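Residue-level structure breakdown
Single-letter residue listing:
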Amino acid sequence: MNFEPHLERLRLISPVRRQVAAAVFFMGLGVLIQLVFPKGVAYFIDHVQELRLETISAPVIGLGLLWLLVQAAASTLRYYYFELAGHLIINRIRRRLFDVLINQPVSFFDRHHVGEITSRLSGDVQSLHQSLTMGGANALQSLFMFGGGVAMLLYISPLLSVMLLVFVPASLYFGKVSGASHRDYAKAVQACMADSSRVAQEHFAHVRLVHAFNQQGGASASYGEACRRLLELSMAGTRRQSAFRAGLSVLDFGALLCALGLGAYLIGKRALSVGDLMAFVIYSNIVTQAAGALSESWNMWMRSMGATDRIFEIMRTHRPPPAPRPQAPLTGRLGFEDVVFSYPERPGVRALDGVGFGIAAGEKVALVGASGAGKSTIAALVLGHYQPDGGRLLFDGLPAAGLDLAAIRRGIAVVEQEPSLFSGSIADNIAFAVPERKVPLDEVMAAARLAHAHEFIQGFPQGYDTVVGEHGVQLSGGQKQRVAIARALLRDPAILILDEATSALDAASEQLVQGALDRLMAGRTTVIIAHRFSTIAKADRILVLEQGRLVQQGSHEQLVRQLDGAYFRLVKDQMFAPRPETPLPA
Ligand SMILES: Nc1ncnc2c1ncn2[C@@H]1O[C@H](COP(=O)(O)OP(=O)(O)OP(=O)(O)O)[C@@H](O)[C@H]1O
């Protein structure tokens, strides 16, 4: 048997050793008190004739009250410390799992849906919580009760004990056998839960589209199907669990009947008192129940092992980021040398096929090409989201592979096609550009002024504190763009990656955004994934891509003269908006 996965989970307890030790101490105390009780009952039954009210003196009553108090305190403190340890552990795992997830390479998010990932963070972690806290507490308590109960049984009657001990291994074995199947079942349930979360998350995220296409019914059907699979699996698990409980109950009552039969025989032989038989029955019940609870705890542990396998798989993939290496800030010189790249999810298709070019510091280069030609892939490689399969990238003439990725990224800013804003204040969204320090508001404002965003932000009643994004004020396309430009300006990058918005803004907004972009691009190396002719015309150089290959480069005037070239075809097919002001050669 491989113990490592079990140990891996138990190691999570180590930072909360003190709380766990306190919980175990109070649990031990509680168990001790419970184990004394049957023997006290035996004494009472065997001496019931001799007991008089006068003999129940104040110290006896005091002792009884103390017993009650200690019992209550032990049980309360046991619960408190186990829960406390559980919350601390789970809080730690949740944060660690998030750290591991957020640091995964971008390709990880190509393979896993956001809904699935959030389900792992909530559902799987919750399952681990239950098994480590209440599951762990019950298992430990059962173990103590089992050990103490067996000792008391042997003390009262070794002969009866031997008979009873036949049943105990049977229920333990029974638990072990059913535990193995529980693990696989729990894994399947958790996968199903992640799947239903994915379906729900996807439809909520695109709720406008769902309504626009009257797809509410379709959404309900998809979610219903995911829930049906989950229900089927859960029902199968419940059937298994019921069969397991029935088996345990047969063993429990079998043991009780045998103990009564043999006990009566021993009383007849004067080898056992009535009180001791009574105590024996109670202890035997404690022992068989503890054995059953141990089996059940094992099942629960195995279910949690299955449910949390994915968490640990993900955690194992975590590689701490390499120690930062001293590196001079980028000046903006960028190069691709014969770069070959396929997305990990599509290993057979080359998204870039032998692409090579150099960009001087401060140069503005437009990437053009039909949809799927590889423009965004070039940007993704510059940002270090993926590593090339062949060839290399150069920053300031140095191979990227030998440089510190975080330092490279510090020198780059990106303005996305559809700028993403987090649900926070506008100031927070702009300051997002500089994670290394707390950015003062006047710096945020200065960036917003340059980006022509200050005026509209000041127009909101809460100004820079206005909450935007998920649950806040929704900004127009042009406003979002200007916030994103302010964010990039604040970063003050050497290299700017600009994924130009395809949707047209109204003329006034367009002018404001364009003005802000001009300020942003001034003096910086800029790689523009270009869709507008006005942008392309302003670029120092145009790189034309076709099916992952760089097929042409030059200025608009140079390229448009090559009548058999890809660029001419793109212009002719009106791939850019608005139509080129530069007339095509006759
Ligand atoms: N994450 C991904 N996983 C697998 N294949 C991808 C991924 N992203 C893009 N591709 C594929 O790689 C090729 C290049 O895509 P890319 O996004 O670079 O094109 P593009 O020129 O930016 O297109 P567009 O102008 O439509 O955005 C396409 O065939 C595309 O389907």
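Residues numbered from 1 in each chain as written. Predicted model: local features only at pLDDT ≥ 70, side-chain atom pairs only at ≥ 80, totals over all residues.

The next thing to look at is the site of the ligand. In the vicinity of the ligand lie 13 residues, with Tyr343, Ser371, Lys375, Ser376 and Thr377 positioned nearest. By residue number, the principal contributor to the shell around the ligand is helix 11 (residues 375-382), which donates 3 residues. (Near = placed C-beta within 6 Å. Helix = DSSP H or I, 4+ residues; strand = E, 2+ residues; numbered from the N terminus.)

Looking now at the domain arrangement of the protein. Looking at the assigned domains, one finds that the protein contains domain 1 (12-316) and domain 2 (329-411 + 497-502 + 529-586). The distance between the C-alpha centroids of domain 1 and domain 2 comes to 59 Å. Between domain 1 and domain 2, the residue contacts involve 4 residues of the former and 5 residues of the latter. Within the side of domain 1 that touches domain 2, the residues separate by chemical class into 1 nonpolar, 1 polar and 2 charged. (Domains from an automatic or database assignment. Contact = placed C-beta atoms within 7 Å. Nonpolar A, V, L, I, M, F, W, Y, C, P; charged D, E, K, R; others polar.)

Below, the discussion takes up the sheet that holds strand 1 (residues 334-341). Note on sheets: strands pair through backbone hydrogen bonds, and any given pair is parallel or antiparallel. Pairing within the open sheet is antiparallel, and its 4 strands lie in the order 2-1-4-5. The open sheet has two edge strands with one neighbour each: strand 2 (352-359) and strand 5 (398-399). When strand 1 meets strand 2, the two strands line up antiparallel, connected through 6 bridges. Each bridged residue has a counterpart across the sheet, and for Phe341 the counterpart in strand 2 is Leu352. Along the sheet, helix 11 contacts strand 1, strand 2 and strand 4 (390-395); its crossing angle with strand 1, the most-contacted strand, is approximately 115 degrees. (Pairing = 2+ DSSP bridges. Axes fitted to C-alpha atoms, helices over the stretch in contact; angles between N-to-C directions.)

A separate point is the UniProt feature "transmembrane region" (unreviewed entry) in the protein. As annotated by UniProt and renumbered to match this structure, "transmembrane region" (unreviewed entry) occupies residues 20-44, 56-74, 152-174 and 243-265. For residues 20-44, the helix share is 100%, the strand share is 0%, and the end-to-end C-alpha distance is 36 Å. Helix makes up 100% of residues 243-265 and strand 0%. Its end C-alpha atoms lie 34 Å apart. (UniProt positions renumbered as here; feature names shortened; annotations may be inferred.)

So, about the environment of Gly135. Within the secondary structure layout, Gly135 lies in helix 5 (residues 114-156). On the neighbour-count criterion, Gly135 (22 C-beta atoms within 10 Å) is buried. With sequence-adjacent residues up to four places away left out, Gly135 is seen in contact with Gln130, Ser297, Met300, Trp301 and Ser304. (Buried ≥ 20, exposed ≤ 12 C-beta atoms within 10 Å, placed from the backbone.)

Before going further, it helps to examine helix 14 (residues 441-450). Considered for burial, the residues of helix 14 that qualify are Val444, Ala447 and Ala448. Relative to the axis of helix 14, the buried residues are bounded by an arc of 100 degrees and lie together on one face. Close packing links the buried residues of helix 14 with helix 13 (426-431), helix 15 (454-459) and helix 16 (477-491). Residue His452 follows helix 14 closely and has a positive phi angle near 55 degrees. (Arc of directions from axis to C-beta.)

Moving on: unusual backbone geometry. Keep in mind that most residues, glycine aside, have a negative phi and that most peptide bonds are trans. Despite not being glycine, Asp338 has its phi angle at roughly 50 degrees, a positive value. Judged by the 13 C-beta atoms lying within 10 Å of it, Asp338 is partly exposed. Of note in the backbone geometry, Gln547 takes a positive phi value of approximately 45 degrees without being a glycine. Here Gln547 lies in the loop between strand 9 (541-546) and strand 10 (549-554).

Looking now at helix 5. Compared with an ideal rise of 1.5 Å per residue, which puts 43 residues at 63 Å, helix 5 spans 60 Å between its outermost C-alpha atoms and is within 8% of the ideal. A maximum bend of about 35 degrees is found in helix 5 at Gly135. (Expected span 1.5 Å × (residues − 1). Bend = angle between axes of the 7 residues up to and from the residue.)

Let's shift gears to the pairing of strand 9. If a strand is regular, its side chains alternate between the two faces of the sheet. In terms of strand pairing, strand 3 (residues 364-369) meets strand 9 through 5 bridges, oriented parallel. Note on strand 9: the bridge partner recorded for Ala366 is Ile542. For strand 9 and strand 10, the ladder comprises 5 bridges, and the chain directions are antiparallel. Bridge pairing in strand 10 places Ile542 opposite Gly554.

Taken N-terminus to C-terminus, the directions of helix 9 (residues 216-268) and helix 10 (residues 274-316) make an angle of 160 degrees; their axes are 10 Å apart at the nearest point. The angle between helix 9 and helix 10 falls in the class roughly antiparallel. Pair helix 9 / helix 10 crosses with right-handed handedness. For the pair helix 9 and helix 10, the contacting residues are Phe244, Leu248, Leu251, Asp252, Ala255, Leu256, Ala259, Leu260, Gly263 and Ile267 in the first and Val274, Leu277, Phe280, Val281, Ser284, Asn285, Thr288, Gln289, Gly292, Ser295 and Asn299 in the second. (Parallel < 35°, antiparallel > 145°, perpendicular 65-115°, else oblique. Left-handed = near helix turned anticlockwise from the far one by under 90°.)

This paragraph deals with the nonpolar core. Counting residues in each nonpolar core, the largest one holds 74 residues, and the members touching the most others are Leu367, Ile485 and Ala486. At 7 residues, helix 16 tops the list of elements feeding residues into this core. Within the second largest apolar cluster, 42 residues are counted, among which are Val20, Ala137, Phe167 and Ala293. (Core = buried A, V, L, I, M, F, W, Y, C linked by C-beta atoms within 7 Å.)

Attention now goes to the environment of Ser284. As for its position among the elements, Ser284 is in helix 10. In this structure Ser284 comes out as buried when scored by C-beta crowding, with 30 C-beta atoms within 10 Å. C-alpha of Ser284 to C-alpha of Leu153: the two residues are 131 residues apart in sequence and 7.1 Å apart in space. Excluding residues within four positions of it along the chain, Ser284 makes contact with Leu153, Leu164, Ala255, Leu256 and Ala259.

For any two helices packed against each other, one specifies the inter-axial angle together with the distance between the axes. Where helix 5 contacts helix 10, the two axes come as close as 7 Å, and the packing angle between them is 155 degrees. Considering the angle they form, helix 5 stands roughly antiparallel to helix 10. Seen along the crossing, helix 5 lies across helix 10 with a hand that is left-handed. Taken together, the residues of the contact of helix 5 with helix 10 break down into 23 nonpolar, 11 polar and 4 charged.

A few words on the sheet that holds strand 10. Taken in spatial order, the 6 strands make up an open sheet running 6-7-8-3-9-10, and their pairing is mixed. Two strands close off the open sheet at either side, each with one partner strand: strand 6 (412-415) and strand 10. If you compare each strand with its neighbour and ignore which way they point, the axes differ by 20 degrees on average. Summarising the sheet, strand 6 and strand 7 (residues 495-499) pair through 4 bridges and their orientation is parallel. Counterpart to Val415 in the pairing with strand 7 is Leu498. Against the sheet, helix 11 engages strand 3, strand 6, strand 7, strand 8 (525-529) and strand 9, with an angle of about 145 degrees to strand 8. Those strands touched by helix 16 are strand 6 and strand 7, and its axis lies near 175 degrees from that of strand 6.

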